[in-house]
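# Coordinate analysis (summary)
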Amino acid sequence: MSCSKIFLGDLPELTYEIIKYFQNDYSTLYSCILVNRLWCRLAIPLLWENPFSIRTGNYDFIEIYLYNNLNNDLKLYEYKTINNSLLPTNTLFNYPSFLKYLNTYKLYTSVDKWFCSAIRNSKFGIGTDRYDHVKRLVHMSLFKIFIESEVNLHTLEIEALSIYDKASFNEILELILQNQNFIHNIGNMKLYTRFVEDNIYNNHVLQMIHLHQNLKKIFIYRNYLSLYQSLLLSKDYNCSNTLNTIIFYYINFRKIINLDEIFEQLNVLESVHIVYCYSLNNSFIQQINNLTKPFKLKSLILCGILQIESLQQLLLKSGDYLENFGGSGICYNYCDLLQLTKYCNNINLLYLNGHESEITILQKINLIESIKQSLNYLIINICEDSAIYSSIILENLGQILPSKLDYVNLSFIIKDSYFRVFLENSQYIFINKFLIKLKRGSDDILHYIKEYIMKEKRVKYLAIQDNNKRELLYLKDEVKEFELHNIIVRRHSDLVIDFDDLIWNIEKKDI
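Residues numbered from 1 in each chain as written. Predicted model: local features only at pLDDT ≥ 70, side-chain atom pairs only at ≥ 80, totals over all residues. Heavy atoms only, no water.

Turning our eyes to something else, we now look at the packing of aromatic side chains. All chains considered together, the criterion is met by 26 aromatic pairs. Both rings, one in phenylalanine 248 and one in phenylalanine 253, keep their centres 5.4 Å apart while their planes meet at 70°; by these two values the pair is edge-to-face. The two residues phenylalanine 248 and phenylalanine 253 agree in class, both being buried. Relative to tyrosine 407, the ring of tyrosine 377 has its centre 5.9 Å away and its plane inclined at 35°; by these criteria the two rings are tilted. Here tyrosine 377 is found in strand E10 (residues 377-382), whereas its partner tyrosine 407 is found in strand E11 (residues 404-412), with 30 residues between them in sequence. Overall, the relative accessible area of 2% leaves tyrosine 407 in the buried class. (Phe/Tyr/Trp six-rings, centres within 6.5 Å; stacked < 30°, edge-to-face > 60°. Buried < 20%, exposed > 50% of the residue type's maximum accessible area, 1.4 Å probe, protein only. Helix = DSSP H or I, 4+ residues; strand = E, 2+ residues; numbered from the N terminus.)

See below:
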């Protein structure tokens, strides 16, 4: 009875709670639209709150945004850059008002993909020499639409990369600064930049942070640390009371000072991520040890040699805050990786990468076993062209993994006999996403994949790539066979973890 009332719309509050459960399941939300008017009215805002992040390959939603503003945007209208007859003739909702999350990089890339599609479908009557100009107009028009619609953004992510047209991006920042209500209506602001030095951009961003007074997350890349040190140490931007996440990415800490001073004054800092940084020397360790408050290091992904003594001090200071650990470099010291488990009991992601010896391979096996209670993501990459070390991994790995993992990525030489041992030893283990990259010298393992994984339905997503970048996905008959067993075959690059993207999006509780 109550179920029928939900479908008929008699219980709208309960219906909304049900539909909201599918917030990130876009195919289900599309189906909800077709149920009835109430379900449509409840599902549409969820579909349009973060449209630039939906990976469907269809970017026609940009045309729906532009339709409402085309006649008001004199530049687009005068140049007749868009064929009016190909745009939607009517819109049922005020779609811009639903926008809650906006990432500048995703907006730019969405416009680029939409533009390429529009060119193929003859939606533009312009020459190739004006392509970049038109895209700049579209970027600007979209931001004008959002500003004029008085959207209340939950989160604005200023993700500025070197691929941008800096002049165009600075024009957009100027437009935002001229409309301060837009800034004040932003709940959370996050900053991620890889621009080369650009004083105009830096000044614009600092002005926005000053006006907003609520910066939540900051991504510090390469030579930008000196700029952000002044930002974080200043009281003008209120970072001490708002900033909860700092990501250090490819930072050289050799000559960095004042880190302890910065961390001491950040009152609500919840997580620190150190990814592919180097020169974590005695000076860096000493600054961390000087802290009187907990050092909430959540990610430590290394790319250089770190002495075991320094690693132990860093792990001791981080303790159970650490969730993501690994990289290359620490293995060169033949250190006892089991030291990790003495201090850190919540390792969720383990990334083992580098050149090997029999000693380090056995240490890594022991490490995996010691943290398997919390382990959910496992990445193993062996650089050597010999199958000796990968065979040791495969002989032991199946016996030590937890019963369920969200992600396993193996990248090394795989011999079929050892792979069969791994599969036999792991027959009661379920892996949500299983990625295999077969390096040169590997055997054909597809028959074992079918026998031990496909028939037993032990994975949900599967990706296999060989040394020549040939994919299982390209074998259509095989893909259909896996689909019959409810296993989805994907492109390897679609499933592989990109660490800066992972860390940038890992903090879901503040979004």
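Picking up after the structure, the text goes on.
Our next topic: the layout of surface pockets. As a volume, the second largest pocket reaches approximately 330 Å³. In terms of lining, the second largest pocket is formed by 18 residues, of which the most central are Leu438, Asp444, Ile464, Asp466 and Arg470. For the lining of the second largest pocket, the class distribution of residues is six nonpolar, five polar and seven charged. (1 Å grid on protein atoms, 1.4 Å probe; cavity = no way out; pocket = protein on both sides within 12 Å on 5 of 7 lines; lining within 4 Å. Points joined across faces, edges and corners; volume = space filled by probe spheres on them. Nonpolar A, V, L, I, M, F, W, Y, C, P; charged D, E, K, R; others polar.)

This part covers the packing of helix H9 (residues 166-177) against helix H11 (residues 199-212). Their axes nearest at 10 Å, the elements H9 and H11 cross at an angle of 25°. In terms of orientation, H9 lies roughly parallel with respect to H11. For the crossing formed where H9 meets H11, the hand is left-handed. Mapping the contact onto sequence places Phe169, Asn170, Leu173, Glu174, Ile176 and Leu177 in H9 and Ile200, Tyr201, His204, Val205, Gln207, Met208 and Leu211 in H11. Its residues assigned to classes, the contact of H9 with H11 shows nine nonpolar, three polar and one charged. (Axes fitted to C-alpha atoms, helices over the stretch in contact; angles between N-to-C directions. Parallel < 35°, antiparallel > 145°, perpendicular 65-115°, else oblique. Left-handed = near helix turned anticlockwise from the far one by under 90°. Contact = heavy atoms within 4.5 Å.)

Moving on, we get to H11. For H11, built from 14 residues, the straight-helix expectation of 20 Å at 1.5 Å per residue is met to within 8% by its first-to-last C-alpha distance of 20 Å. A positive phi of about 60° marks glutamine 213, the residue just after H11. (Expected span 1.5 Å × (residues − 1).)

Another point: the pattern of salt bridges. For the structure shown, the criterion picks out ten salt bridges. A salt bridge links lysine 135 to aspartate 132; the nearest nitrogen and oxygen atoms lie 4.0 Å apart. Here aspartate 132 and lysine 135 lie together in helix H8 (residues 131-148), a separation of three residues that amounts to about one turn. Look at lysine 135 and you get buried, because its relative accessible area is 19%. One salt bridge in this structure joins glutamate 481 and lysine 450, with 3.0 Å as the shortest N-O distance. Of the two residues, glutamate 481 is situated in helix H21 (residues 476-483) and lysine 450 in helix H20 (residues 446-454); the sequence distance between them amounts to 31 residues. What emerges from the salt-bridge pattern is a single network uniting Asp112, Asp132 and Lys135. (Salt bridge = Lys/Arg side-chain N within 4 Å of Asp/Glu carboxyl O.)

Once that is clear, we can look at the pairing of strand E9 (residues 349-354). The side chains of a regular strand alternate between both faces of the sheet. The buried count for E9 comes to six of six residues, which makes it a mostly enclosed element. Residues Leu349, Tyr351 and Asn353 line one face of E9 and the alternating positions Leu350, Leu352 and Gly354 line the opposite face, and both faces are buried. Here four bridges tie strand E8 (residues 324-327) to E9, and the two strands are oriented parallel to one another. Within E9, the residue paired with asparagine 324 across the bridge is leucine 349. One ladder, built from six bridges, connects E9 with E10; its direction is parallel. Bridged to leucine 349 within E10 is tyrosine 377. (Pairing = 2+ DSSP bridges.)

Following both chains from N to C, one finds helix H7 (residues 104-120) and H8 inclined at 130°, their axes separated by 10 Å at the closest point. Classified by the angle between their axes, H7 and H8 sit oblique to one another. Of the two possible hands of crossing, H7 and H8 adopt the one that is right-handed. For the pair H7 and H8, the contacting residues are Thr104, Leu107, Tyr108, Val111, Asp112, Trp114, Phe115 and Ile119 in the first and Tyr131, Val134, Lys135, Val138, His139, Leu142, Phe143 and Phe146 in the second.

The next point concerns H20. Across the nine residues that make up H20, a large majority, seven, are buried. Check the buried side of H20 and you find it contacts helix H19 (416-425), strand E12 (430-438), strand E13 (459-465) and H21.

It is worth spelling out unusual backbone geometry at this point. A positive phi angle is found at glutamate 150, which is not glycine, with a value near 55°. Relative to the helices and strands, glutamate 150 is located in the loop between H8 and strand E2 (155-160). The exposure class of glutamate 150 is exposed, given its relative accessible area of 62%. Unlike most non-glycine residues, lysine 469 shows phi in positive territory, near 65°. For lysine 469, the position within the fold is in the loop between E13 and H21. For lysine 469, a relative accessible area of 60% gives the class exposed.

With that settled, consider the pairing of E13. Buried residues dominate E13, accounting for six of its seven residues. In this fold, E12 hands off to H20, which returns the chain to E13; that crossover is right-handed. Alignment of E13 against strand E14 (residues 488-489), held across two bridges, turns out to be parallel. Pairing of tyrosine 461 across the sheet is with isoleucine 488, part of E14. Taken together, E13, H21 and E14 form a β-α-β motif whose crossover is right-handed. (Right-handed = clockwise from strand over helix to strand, strands pointing away.)

Turning our eyes to something else, we now look at the nonpolar core. One finds Leu142, Phe146, Phe248, Phe263 and Leu300 to be the most contacted residues of the largest nonpolar core, which totals 147 residues. Residues from two domains meet in this core; each of domain 1 (9-48) and domain 2 (376-494) gives at least three. Within the second largest apolar cluster, 18 residues are counted, among which are Val275, Ile301, Tyr351 and Ile497. (Core = buried A, V, L, I, M, F, W, Y, C linked by side-chain atoms within 4.5 Å. Domains from an automatic or database assignment.)

Right, let's talk about the confidence of the model for the protein chain for a bit. When pLDDT is averaged along the protein chain, the result is 82; 83% of the residues meet or exceed 70. When the criterion is pLDDT under 50, residues 1-8 qualifies, and its contacts beyond four places in sequence or with other chains add up to eleven contacts. (pLDDT = per-residue confidence, 0-100.)

Our focus in this paragraph is the environment of proline 12. As for its placement among the helices and strands, proline 12 is situated in helix H2 (residues 12-20). Separated by 26 residues in the primary sequence, proline 12 and leucine 38 place their C-alpha atoms 7.7 Å from one another.

With the rule as written, the count across this model stands at zero disulfides. Here cysteine 277 is not disulfide-linked; the sulfur of cysteine 303 is the nearest cysteine sulfur, at 7.1 Å. Given the relative accessible area of 2%, cysteine 277 is considered buried. (Disulfide = S-S within 2.5 Å.)

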